[in-house]
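Inside the fold
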Amino acid sequence: MPAVHTAATTTIATAPRYRGRFAPSPTGPLHAGSLVAALASWLDARAHGGVWLLRIEDVDTPRCSPAAARTIQQQLDACGLRSDEVVVWQSTRSAAYDPALQRLLAAGLAYPCGCTRSAIEAHWQALGVVHQPDSERIYPGTCRNGLHGQPARAVRLRVDGPIDWTDRRLGPQRQDLGREVGDFVLRRADGLWAYQLAVVVDDAAQGITQVVRGEDLADNTARQIALQRALQLPSPGYLHTPLVRAADGRKLSKQNGAQALDLRDPLAALQAAAAVLGLPELSSRTVPDWLAGAVAGWAGIIAGFATRSDP
Ligand code: GLU
């Protein structure tokens, strides 16, 4: 560690202690795919001698349920994955999200938007642009300079240009937010907080230094970094884990038949998740022994990532 000498004191500059998190949305129980992200985030925290937190991301209240959150906690518990600190529920965090939004509005970095989904669709149709049915619609910036007499619905962050970042597993990434995403929503037309705002405020409030989550979330990272910069918050490191695919090749989800994790045999569930992460089979008979062996295995795997992404 570099020593910083000043006239009166000598201090040792130390990196902040590793703090990681698993942040499920309680729309249903954990399945084989979500356990991969939970396990990887836990292993990464432990391999770095760090702290691991569970955060319940229940901002989308109509889609989330406290019962699902409790089931997730029981499932994680059976797998030996327990939050090191009090579990934070995003549904209780409006008092933290609102000032962040107000700061962005006051600085002109965010603005109210009166566009409906169909107005955005109509904009692109008029230009002859065809979207895939499930692809995201790029926001064309209609309300950037005012509401044109429309009532305000959502609040959007103003974005411009490319964001470059490095994923510890996937390597260097770039997304041109202006061209590929457009100004994105921070507070939704129905008044609910958008995932992007909640996740950025909470990662900072909890001092998260490393985000480890499924690869399906990788393309949210540039938006989150843009928002961190707008709010003058530090950016954590990022590592996105491989996805478990359903028979149809799509990411395993409730919609394509993912089964809830079977708690009768947590070791089998952990072993299956570990295989997705490239960890070798372990013969341990108890969950704590298995986890200790897996931490050692994970340390070897991330050493390989580091050499791959080193310049
Ligand atoms: N709540 C998100 C999900 O369950 C994860 C968010 C994150 O890890 O950043 O997909």
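Predicted model only: the values in this text are computed from it and were never measured.

**Things to note about the sheet that holds strand E6 (residues 110–113)**
Here 3 strands make up an open sheet; going across it, the order is E6-E7-E10 and the pairing antiparallel. Each edge of the open sheet is held by one strand with a lone partner, namely E6 and strand E10 (184–187). Averaged over all neighbouring strand pairs, the angle between strand axes comes to 45°, with direction disregarded. Bridge count between strand E7 (residues 154–157) and E10: 3 bridges; the pairing is antiparallel. Residue pairing in the sheet places Leu157 in a bridge with Phe184 of E10.

**Section: the environment of Ile163**
By the element assignment, Ile163 lies in strand E8 (residues 162–167). Owing to a relative accessible area of 6%, Ile163 belongs among the buried residues under this scheme. With near-sequence residues (within four places) excluded, Ile163 lies in contact with Gln173, Arg174, Gln175, Leu177, Ala222, Ile225, Ala226 and Arg229.

**Quick look at the site of the ligand**
Around the ligand sit Arg21, Ala23, Pro24, Ser25, Glu57, Tyr195, Val199, Arg213 and Leu217, and that is every residue in its neighbourhood. Arg21 places a polar side-chain atom, nitrogen or oxygen, 2.7 Å from an oxygen atom of the ligand. Separating an oxygen atom of the ligand from a side-chain N or O atom of Tyr195 is a distance of 2.8 Å. Here the ligand, which alone exposes 300 Å², has 81% of that area covered by the protein. Partitioning the shell around the ligand into residue classes produces 5 nonpolar, 1 polar and 3 charged.

So, how was this worked out
Residues numbered from 1 in each chain as written. Predicted model: local features only at pLDDT ≥ 70, side-chain atom pairs only at ≥ 80, totals over all residues. Heavy atoms only, no water. Pairing = 2+ DSSP bridges. Helix = DSSP H or I, 4+ residues; strand = E, 2+ residues; numbered from the N terminus. Axes fitted to C-alpha atoms, helices over the stretch in contact; angles between N-to-C directions. Buried < 20%, exposed > 50% of the residue type's maximum accessible area, 1.4 Å probe, protein only. Contact = heavy atoms within 4.5 Å. Near = heavy atom within 4 Å. Polar contact = N/O pair within 3.5 Å; in protein donor to acceptor, adjacent residues only side chain to side chain. Areas by Shrake-Rupley, 256 points an atom, 1.4 Å probe, with all protein chains shown as cover. Nonpolar A, V, L, I, M, F, W, Y, C, P; charged D, E, K, R; others polar.

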